[in-house]
Amino acid sequence: MAGKPPTGDPVQDAPDVAAPQHAAAGLPAIAHTLRVAQQQMGVRRTALTLLKVNQKDGFDCPGCAWPEPDKRHAAEFCENGAKAVAEEATLRRVTPDFFAAHPVADLATRSGYWLGQQGRLTHPMYLAEGAASYEPVTWERAFDLIAEELHALTSPDEALFYTSGRTSNEAAFLYQLFAREFGTNNLPDCSNMCHESSGSALTETIGVGKGSVLLEDLYQADLIIVAGQNPGTNHPRMLSALEKAKAGGTKIITVNPLPEAGMERFKNPQNARGLAGVGTPLTDLFLQIRLGGDQALFRTLGRLVLETEGAVDTDFIREHTHGFEEYERTARAADWDETLRATGLRREEIEEALRMILASRRTVVCWAMGLTQHKHAVPTIKEVVNLLLLRGDIGRPGAGVCPVRGHSNVQGDRTMGIFERPSAAFLDALEKEFDFTPPREHGLDVVRAIRALRDGDAKVFFAMGGNFVAASPDTEVTEAAMRRARLTVHVSTKLNRSHVITGARALILPTLGRTERDRQSGGDQFVTVEDSMGMVHASRGRLEPASPHLLSEPAIVCRLARRVLGTESTTPWEEFEKDYATIRDRVSRVVPGFEDFNARVARPGGFTLPHAPRDERRFPTATGKANFTAAPVEYPKAPEGRLLLQTLRSHDQYNTTIYGLDDRYRGIKNGRRVVLVNPDDARTLGLADGAYADLVSEWTDGTERRAPGFRVVHYPTTPGCAAAYYPETNVLVPLDHTADTSNTPASKSLVIRLEQADPA
């Protein structure tokens, strides 16, 4: 029956395992989507809601940030997007009675899956110091409690204001404005944990920390390289774009340590070939690379391009780039033996990739966290840029860089100023528009924020969405750090692990979701989001709110700001809450590219933000040109008897939100504590298929980090490499094991040992 949550926390330590699949989507995806949606929403609500997802007059999917085409299908959503919508539009409710029946100590024993399945939060809830359970609290009292703790701080920099990627542009702009009026740049966000490496690398090399392509460029490309990414699970609508590109003759190279069903064959549920036929083979060349070997691969491909007569776009390099000579010297010295060790590939495979690159006049490189979460992630992405610059493939239709973002508005949040290291130009514009002096000293990112909590240098943690505790590295360290806070506050739609790992006091503030109608005193409101390719468009919810006690995110920020900043602030917070158009008017005068914001976003489909490298072949870097770079080649190494582990998502998962306990494409059912190991490696380690092992990470600090009780699954991974799901394996990621420059947790290259465990 719709609306009824599971009563018990299901056993997850005895998963069933079958052979992995070799095609994604099709009829099974439709069946699974409808089953999950109807369980959460019922039949009528499912139909009314899903038909508005990603439509021009509807709401933006709260899942991934993949853009929508101009001409949209009636069912413009994927399986995982439908799951995200179903969990938000669910009929299940978490009321004060639920909290009375479940003390925090009880909730702390529950899985993240169970917590999320309980439904939507309905009331502001408060956990007093020393109390066993959350109790309902009025909004006025909640804001008083936050103000009390913030005013008691010695410095504004003792407060941390975290943001999840689902926060709208309007809410994000207000949130950063409030934090900076309060006096701090401590604005860590989920970008710090995923695509910060992309932003760091692209800002230095091309001058804009975003991708340079639009959907149309994928359709026009001769070659698309998909590296360190699993679109079939993480961005399923991308498969439709790849299918369309294939129909136009595009070739695809997939670079990944795991074979993934979606990149093998796509059965598009929106057409007959996908439903009843064999689907579309997507990958023309699969390079099953060793974890972290991508920099070596792209460096050697660059060397081979340099050695091929006529392959280098000399006119583009002369007119638009800087640093070519140093790069050329370094690239020509690339060593084949080192490349083969780093990548685990055969020379013939790399040479076949070269032939495909040379045959392409327009190449796009797409990537995700398989490239961004390594110690050498930033130089790896710079090496991708080097290869494209050699061929003149930035600022040309059908070519460019395509970092594929995760959360629906994670890129928009950064554009709106959610950044601990804001530019002087942004702060100048903010100061001019709002007549206050924003702080200039850089704030704390996620990793540094955890250290500050751990060391007692931060005392208040406020999260606008997300599941910070589960998403962060070094779980035991993170949880201990959070417990040292004086106050933890979470603006949320559903329960998660972060609500039960609290400071001395804690608040849960329930908010509207994307699917819900947002009524303010100025009338019905809409918000805006920016997708992974710089398109900005409106999002309008249609459902009645899950509870009359919910506030929108902009309303929460406005009321908090009025209570904390008082009459000293001249910002019209009350006006902003009443009418979001007034927020967009201010954004248009502060953020470049948003001029005439209200009029442009009123057009169906919204508008495209300017991108100088794409639009003008102009590169706003320190040199005024696109920069070649020549960092030393690095790659992770595991001692004898050890493996390299990457953390990843299951198919029934989006970031830390667990929709179910199956990973259909990888053949895993009813369990998440599995480790995928190459059969030869497993036999060498004496681990039979179905054996159980503890995963123990080894790092330079000598601390033992252990994830116990994982079922060993013999799986076609790259030799020497293993994979397991997060957040269960975040406990293995050392807090200080981060990418150079970006400080992103290096979750894709952990050295581990497997210790056989008793299945009991």
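Please refer to the structure higher up on the page.
What counts and how
- Residues numbered from 1 in each chain as written.
- Predicted model: local features only at pLDDT ≥ 70, side-chain atom pairs only at ≥ 80, totals over all residues.
- Heavy atoms only, no water.
- Helix = DSSP H or I, 4+ residues; strand = E, 2+ residues; numbered from the N terminus.
- Rg over C-alpha atoms; globule rule 2.2 N^0.38 Å.
- Buried < 20%, exposed > 50% of the residue type's maximum accessible area, 1.4 Å probe, protein only.
- Contact = heavy atoms within 4.5 Å.
- Pairing = 2+ DSSP bridges.
- Axes fitted to C-alpha atoms, helices over the stretch in contact; angles between N-to-C directions.
- Salt bridge = Lys/Arg side-chain N within 4 Å of Asp/Glu carboxyl O.
- Expected span 1.5 Å × (residues − 1).
- Polar contact = N/O pair within 3.5 Å; in protein donor to acceptor, adjacent residues only side chain to side chain.
- Parallel < 35°, antiparallel > 145°, perpendicular 65-115°, else oblique.
- Left-handed = near helix turned anticlockwise from the far one by under 90°.
- Nonpolar A, V, L, I, M, F, W, Y, C, P; charged D, E, K, R; others polar.
- Arc of directions from axis to C-beta.
- Core = buried A, V, L, I, M, F, W, Y, C linked by side-chain atoms within 4.5 Å.
- Phe/Tyr/Trp six-rings, centres within 6.5 Å; stacked < 30°, edge-to-face > 60°.
- Lys NZ or Arg CZ within 6 Å of the ring centre and 35° of its normal.

(A) Structural view of the overall build of the protein chain. A count of helices and strands for the protein chain gives 32 helices and 33 strands. For 760 residues, the compact-globule estimate of 2.2 N^0.38 gives 27 Å, and the C-alpha radius of gyration of the protein chain, at 25 Å, lies within 12% of that figure. In terms of overall dimensions, the protein chain has a C-alpha envelope of 70 × 65 × 55 Å along the principal axes. Among the 760 residues that make up the protein chain, the fraction classed as buried is 65%. In the protein chain, of all internal contacts separated by at least 6 residues, the share reaching a separation of at least 24 is 78%.

(B) Spatial organisation of the pairing of strand β31 (residues 705-714). When strand β29 (residues 674-677) meets β31, the two strands line up parallel, connected through four bridges. Across the sheet, the residue bridging to V677 is H714, located in β31.

(C) Spotlight on the sheet that holds strand β32 (residues 721-725). Spatially, β25-β32-β29-β31-β30-β33 is the arrangement adopted by the six strands of the closed barrel, whose pairing is mixed. Taken over all neighbouring pairs, the strand axes of this sheet differ in orientation by 45 degrees on average, direction set aside. Pairing analysis gives three bridges linking strand β25 (residues 643-648) to strand β33 (residues 750-757), with the strands arranged antiparallel. Its bridge partner lying in β33, L643 is registered against I752.

(D) Structural view of the pattern of salt bridges. Under the definition given, this model contains 66 salt bridges. Residue D524 is joined to R519 by a salt bridge in which the shortest nitrogen-to-oxygen separation is 3.9 Å. Measuring nitrogen to oxygen at the nearest pair gives 3.8 Å for the salt bridge that ties R562 to E577. Linking R562 in helix α27 (residues 553-565) with E577 in helix α28 (residues 573-578), this pair joins segments that are 15 residues apart in sequence. Among the residues examined, R562 registers a relative accessible area of 39% and is labelled partly exposed. Using a relative accessible area of 9% as the deciding quantity, one classes E577 as buried.

(E) Expanded view of the sheet that holds strand β23 (residues 607-608). A sheet is described by the order of its strands in space; here three strands give the open sequence β21-β22-β23, paired in antiparallel fashion. Where the open sheet ends on each side, the last strands, each with one partner, are β21 (527-530) and β23. Pairing of β21 with strand β22 (residues 535-539) involves four bridges; the strand directions are antiparallel. Within β22, the position partnered with E530 by the bridge is V536.

(F) Focus on α27. Under the 1.5 Å per step criterion, the end-to-end length of α27 is 18 Å for 13 residues, consistent within 8% with the ideal 18 Å. Across the 13 residues of α27, 10 count as buried, placing the element largely inside the fold. Residues of α27 that are buried include every one of E553, P554, A555, I556, V557, C558, L560, A561, V564 and L565, and no others. Sitting at the head of α27, S552 places a side-chain oxygen 3.1 Å from the backbone nitrogen of A555.

(G) View of the packing of helix α15 (residues 294-306) against helix α21 (residues 377-390). Interaxial distance between α15 and α21 falls to 8 Å at its minimum, and their mutual angle equals 20 degrees. Classified by the angle between their axes, α15 and α21 sit roughly parallel to one another. Considering the relative orientation of α15 and α21, their crossing is left-handed. Listed contacts from α21 to D294, Q295, F298, R299, L301, G302, V305 and L306 of α15 are P379, T380, E383, V384, L387 and L390. Residue composition of the contact of α15 with α21, by class: eight nonpolar, three polar and three charged.

(H) How the structure looks around the side chain of Q653. Relative to the elements of secondary structure, Q653 occurs in strand β26 (residues 653-654). Looking at Q653, the relative accessible area reads 0%, which means it is buried. Only 2.7 Å separates the side chain of Q653 from the backbone oxygen of Y726, close enough to count as a polar contact. Ignoring sequence-local partners within four residues, the contact set of Q653 consists of N80, L648, I658, Y659, R672, Y726 and P727.

(I) Structural view of helix α2 (residues 43-50). When α2 is considered as a whole, its buried residues turn out to be R45, T46, T49 and L50. Looking down the long axis of α2, one finds its buried residues gathered within 110 degrees of arc, a one-sided arrangement. Exposed and oriented more than 90 degrees from the buried face of α2 are V43 and R44.

(J) Examining the packing of α15 against helix α17 (residues 324-332) more closely. Where α15 meets α17, the axes come as close as 9 Å, and the angle between the chain directions of the two elements is 105 degrees. Judged on the interaxial angle alone, α17 and α15 are roughly perpendicular. Along the contact surface, α15 presents R299, G302, R303 and L306, while α17 presents F324, Y327, E328, T330, A331 and R332. A class-by-class count of the residues in the contact of α15 with α17 yields four nonpolar, two polar and four charged.

(K) Local environment of the nonpolar core. Grouped together as the largest cluster of nonpolar side chains are 62 residues, with contacts concentrated most on I146, L150, F161, F178, F462, L509 and W573. Aside from chain neighbours lying at most four places away, what touches F178 is L150, F161, V557, L560, A561, V564, L565 and W573. By size, the runner-up hydrophobic cluster in this structure holds 47 residues, among which are I206, A227, I289 and I381.

(L) Layout of the pairing of strand β14 (residues 363-367). Of all five residues in β14, five are buried, a share of seventy percent or more. Here strand β8 (residues 223-227) runs beside β14; their pairing, made up of five bridges, is parallel. Bridge pairing in β14 places I224 opposite V364. Judged from the four bridges that link them, β14 and strand β15 (residues 400-403) form a sheet pairing that is parallel. Looking across to β15, one finds that V364 is bridged to G400.

(M) View of the environment of L645. Position of L645 among the secondary structure elements: in strand β25. For L645, a relative accessible area of 0% translates into the label buried. Contacts of L645, omitting those with residues within four sequence positions, involve L291, V675, A722, A723, A724, L732, S747, K748, S749, L750 and I752.

(N) Here's a closer look at the packing of aromatic side chains. Applying the stated criterion across every chain, the model contains 22 aromatic pairs. Geometrically, the ring pair formed by F316 and F619 is edge-to-face, given 6.4 Å between the ring centres and 80 degrees between the ring planes. With F316 in helix α16 (residues 314-320) and F619 in the loop between α31 (612-616) and β24 (626-627), the pair connects residues that are 303 residues apart, well separated along the chain. Note on F316: relative accessible area 2%, which makes it buried. Look at F619 and you get buried, because its relative accessible area is 3%. With a centroid separation of 5.2 Å and an interplanar angle of 25 degrees, the aromatic rings of Y327 and F628 are classed as stacked. Linking Y327 in helix α17 with F628 in the loop between β24 and β25, this pair joins segments that are 301 residues apart in sequence. For Y327, a relative accessible area of 0% gives the class buried. Exposure remark for F628: the relative accessible area of 6% places this residue in the buried category. Taking the ring centre of F526 as reference, the NZ or CZ of R540 above it sits at 4.6 Å. Note that R584 overlies the ring of F526, its terminal NZ or CZ placed 4.0 Å from the centroid.

Scope: geometric values only; no functional claims are made or implied.
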